[in-house]
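For reference, the chains in residue letters:
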Amino acid sequence: MEVIVSLLGEFALDIDGRHVPGSAFTRRSAAALVKLLALTPSRRLHREQVMDALWPELAPRDAANYLHKAAHYARRATGVPDSVLLRNEVVSLFPGAQVAVDAFAFEAAAAAAVSGEAGAAESVLETYVGGLLPDDPYESWAAQPRQRLEMLHRELLRRAGRWSGLVMLEPTDEEAHLGLAQSMLSRGDRTGALRQIDTIEQILRDDLGIGLSPEGYELRVRALDSPVQVPSIPERDARSASAPRHASLAMQMLRFCQTSDGVRLAYATSGNGPQLVKAANWLTHLDYDWASPVWSHWWRGLSRTHRLVRYDERGSGLSDWNVPPGSFTLDAWLHDLETVVDTMGLERFALFGMSQGGPIAVRYAARHPERVSHLIVYGTCARATWARATEEERRELRALGELIRVSWGSDQPGFRQVYDARFIPDGPLETWRAFDELQRLSTSPENAYQLWRAFGALDASADAVQLSVPTLILHSKDDQVWRFSEAVELHSLVPGSRLVELESKNHILRADEPAFDRLLHEVRDFLATDGAAGAAMQEQPQ
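Residues numbered from 1 in each chain as written. Predicted model: local features only at pLDDT ≥ 70, side-chain atom pairs only at ≥ 80, totals over all residues. Heavy atoms only, no water.

A. Quick look at the sheet that holds strand β5 (residues 84–87). Taking strand neighbours across the sheet as the criterion, the three strands line up as β4-β6-β5 in an open arrangement whose pairing is antiparallel. Two strands lie at the open edges of the sheet, namely β4 (44–46) and β5, each paired on one side alone. Strand-to-strand twist in this sheet, taken as the mean axis angle between neighbours without regard to direction, amounts to 20°. Sheet topology places β5 next to strand β6 (residues 90–93); four bridges connect them, and they run antiparallel. (Pairing = 2+ DSSP bridges. Helix = DSSP H or I, 4+ residues; strand = E, 2+ residues; numbered from the N terminus. Axes fitted to C-alpha atoms, helices over the stretch in contact; angles between N-to-C directions.)

B. Geometry of the layout of surface pockets. By volume, the largest pocket is sized at about 1000 Å³. Surrounding the largest pocket, 27 residues form its lining, Trp141, Gln144, Pro145, Arg148 and Asp342 being those nearest its centre. Within the residue set of the lining of the largest pocket, elements represented by two or more residues are α2 (47–54), α4 (102–113), α6 (143–160) and α12 (330–344). Class assignment of the residues belonging to the lining of the largest pocket gives a composition of 12 nonpolar, eight polar and seven charged. (1 Å grid on protein atoms, 1.4 Å probe; cavity = no way out; pocket = protein on both sides within 12 Å on 5 of 7 lines; lining within 4 Å. Points joined across faces, edges and corners; volume = space filled by probe spheres on them. Nonpolar A, V, L, I, M, F, W, Y, C, P; charged D, E, K, R; others polar.)

C. A look at helix α5 (residues 118–125). Along α5, the residues that are buried comprise Ala121, Val124 and Leu125. One side of α5 holds all its buried residues, which, seen down the axis, span an arc of 100°. Summarising the contacts, the buried residues of α5 are in contact with α4 and α6. (Buried < 20%, exposed > 50% of the residue type's maximum accessible area, 1.4 Å probe, protein only. Arc of directions from axis to C-beta. Contact = heavy atoms within 4.5 Å.)

D. Molecular detail of the packing of aromatic side chains. Per the stated rule, a full pass over the model turns up 16 aromatic pairs. With centroids separated by 6.3 Å and ring planes inclined at 65°, the aromatic side chains of Trp452 and Phe455 adopt a geometry described as edge-to-face. Residue Trp452 and its partner Phe455 are both found in helix α17 (residues 445–455); the two are separated by three residues, about one turn of the helix. Each member of the pair, Trp452 as well as Phe455, carries the same accessibility label: buried. A cation sits over an aromatic face here: Arg220 above Tyr217, 5.9 Å from the ring centre. (Phe/Tyr/Trp six-rings, centres within 6.5 Å; stacked < 30°, edge-to-face > 60°. Lys NZ or Arg CZ within 6 Å of the ring centre and 35° of its normal.)

E. Quick peek at the packing of α5 against α6. One can describe the packing of α5 onto α6 by two numbers: an axis separation of 8 Å at closest approach and a directional angle of 135°. Taken together, the axis directions place α5 and α6 in an arrangement best described as oblique. In terms of crossing hand, the pair formed by α5 and α6 is left-handed. For the pair α5 and α6, the contacting residues are Ala118, Ala121, Glu122, Val124 and Leu125 in the first and His153, Leu156, Leu157, Arg159 and Ala160 in the second. (Parallel < 35°, antiparallel > 145°, perpendicular 65-115°, else oblique. Left-handed = near helix turned anticlockwise from the far one by under 90°.)

F. Representation of empty space enclosed by the protein within the structure. For the structure shown, the criterion picks out three cavities of 30 Å³ or more. In this structure, the largest cavity occupies an estimated 100 Å³ of space. Together, 13 residues line the largest cavity, and Thr172, Glu174, Arg245, Leu249 and Leu254 are the ones closest to its centre. Where the lining of the largest cavity is concerned, the elements lending two or more residues are α8 (174–186), α9 (190–208) and β8 (252–258). Element by element, the count of residues in the lining of the largest cavity is highest for β8, at five residues.

G. Just the side chain of Ser316, in detail. By the element assignment, Ser316 lies in the loop between β11 (307–311) and α12. Assessed through its relative accessible area of 1%, Ser316 is described here as buried. Here the side chain of Ser316 touches Glu313 through a polar contact of 2.9 Å, landing on its backbone oxygen. In contact with Ser316, other than residues within four places in its own chain, are Trp321, Ser442 and Thr443. (Polar contact = N/O pair within 3.5 Å; in protein donor to acceptor, adjacent residues only side chain to side chain.)

H. Layout of the pattern of salt bridges. The tally for this structure, following the rule as stated, stands at 31 salt bridges. In this structure, the salt-bridge partner of Glu489 is Arg383, at a minimum N-O distance of 2.7 Å. One end of the pair, Glu489, is in helix α19 (residues 484–493); the other, Arg383, is in the loop between β13 (372–378) and α14 (391–407), with 106 residues separating them in the sequence. Here the salt bridges do not stand alone but share partners, grouping Glu155, Arg158, Asp173, Glu175 and Arg255 into one network. (Salt bridge = Lys/Arg side-chain N within 4 Å of Asp/Glu carboxyl O.)

I. Summary view of the environment of Ala109. Along the polypeptide, Ala109 turns up in helix α4. Residue Ala109 is classed as partly exposed on the basis of its relative accessible area of 31%. Sequence-wise, Ala109 and Thr127 are 18 residues apart; in three dimensions their C-alpha atoms are separated by 9.6 Å.

J. Region of interest: helix α13 (residues 357–367). By the criterion of burial, α13 is predominantly enclosed, with 10 of the 11 residues buried. Buried residues belonging to α13 abut α12, β12 (349–354), β13 and α18 (461–464).

K. Broad picture of the sheet that holds strand β9 (residues 264–270). Across the sheet, eight strands lie side by side as β8-β9-β11-β10-β12-β13-β14-β15; this open sheet has mixed pairing. Where the open sheet ends on each side, the last strands, each with one partner, are β8 and β15 (498–502). With strand direction ignored, the average angle separating the axes of adjacent strands in the sheet is 20°. Contacting β8 and β9, α6 crosses the sheet at an angle of about 145° to β8.

In structure tokens form, the structure reads like this:
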């Protein structure tokens, strides 16, 4: 039997040449069951996975009844007695048949075409007849496959130079706007090009709070045919809406994705080489970080030998600040990381987690060991330190939380002495001022307070003991945010891990201290090792 399942543009099946439209499924649950199974490469799932995906709110007995009814009506709609088979706790779609799913065919062709010639991208684009399951826009089980295909579709448009289509899909895509403006300028339409540049400048300013990239300013100068000079980065005012961005398009590419609970996440890629994904942590802003003495040396250093993937966590940076209640939890942060790497289609990568991002990275690596080649954590803990704090330490932490709530982003000397000095005690005044500015740009006072409170519940100790990937733990000897004893505990929990002590008091290492050079050296040496070999070594008795 030959079966073709159409999921792009519309849902339909062709069974040995017989067309079965989506309208043939009189029960929505029956259609959902077929769609869910078709989106699974093996077209088979354990019955509990199906019930959790389709009826998560029901009790197991009720969900099982719904499953049997859905399978019955799916078989009736297809006219094939064993089109949906329940056997040995496994639910299968057309077992034994030759099945082709258009979404998978497009994904494979698109993945090959995005790195090939523009003509290849054009031909694959012709097969994209619409988005994935447009009649099911809110089904969580379709969210990640949909985002992955949408990303590939956008990359094909980019590769083919179809800038108008890309602008319609992603209005904040500056490269697409500039590509469209460049094509107008090439045709002699200087007015249209300038109007397009003005449009993206306003979108970036209103939606993201950043200015044009240097490439945008240079294109405007060419369109004006004027000798106007673009200011160099040190001359730019980061707070000016008309200033170029700190990171040009040549440095990093900004993109956006959306989580299943509707939060828009900003992510960026920089550098070339093997994939290195950094789990989000407190106090980042994808653009401002490139000029800030707080973070710029970190991301530039890690981008020299790897393709670095960073993202701003929910509630901060260029990601959405207005987020649903309950957003600041380890599981929500884990889901954000899953959303970013799944949207990008990353199959295997090294994972880096620092500070609050450490437990996120540990939990991800424990749950997805097949996708993590190496795990690196810096300046973090295994479990919540606040819950184990003394009464005096708890009073200090509560006072610091209130100080964050009322003084966030200010340059008050008292706030700096109490707060900034915990993160960069050896930092010069210039770095402390940049740290204050980063606070203001990275999140709101209320979000900062809620994030700070959430750190007290961090606990990845159960995940740490399950790790089976090569793991490197780095920590400053006199860190005042998380003590070195936290790194020792994490090291004792993670089988076969390596602990490196760095000679520093700073939680965020400065560019000019030897400890930072040591960190980069350790990371590069560690990532140069074979991940599979490292994992095998971990399995040996210690």
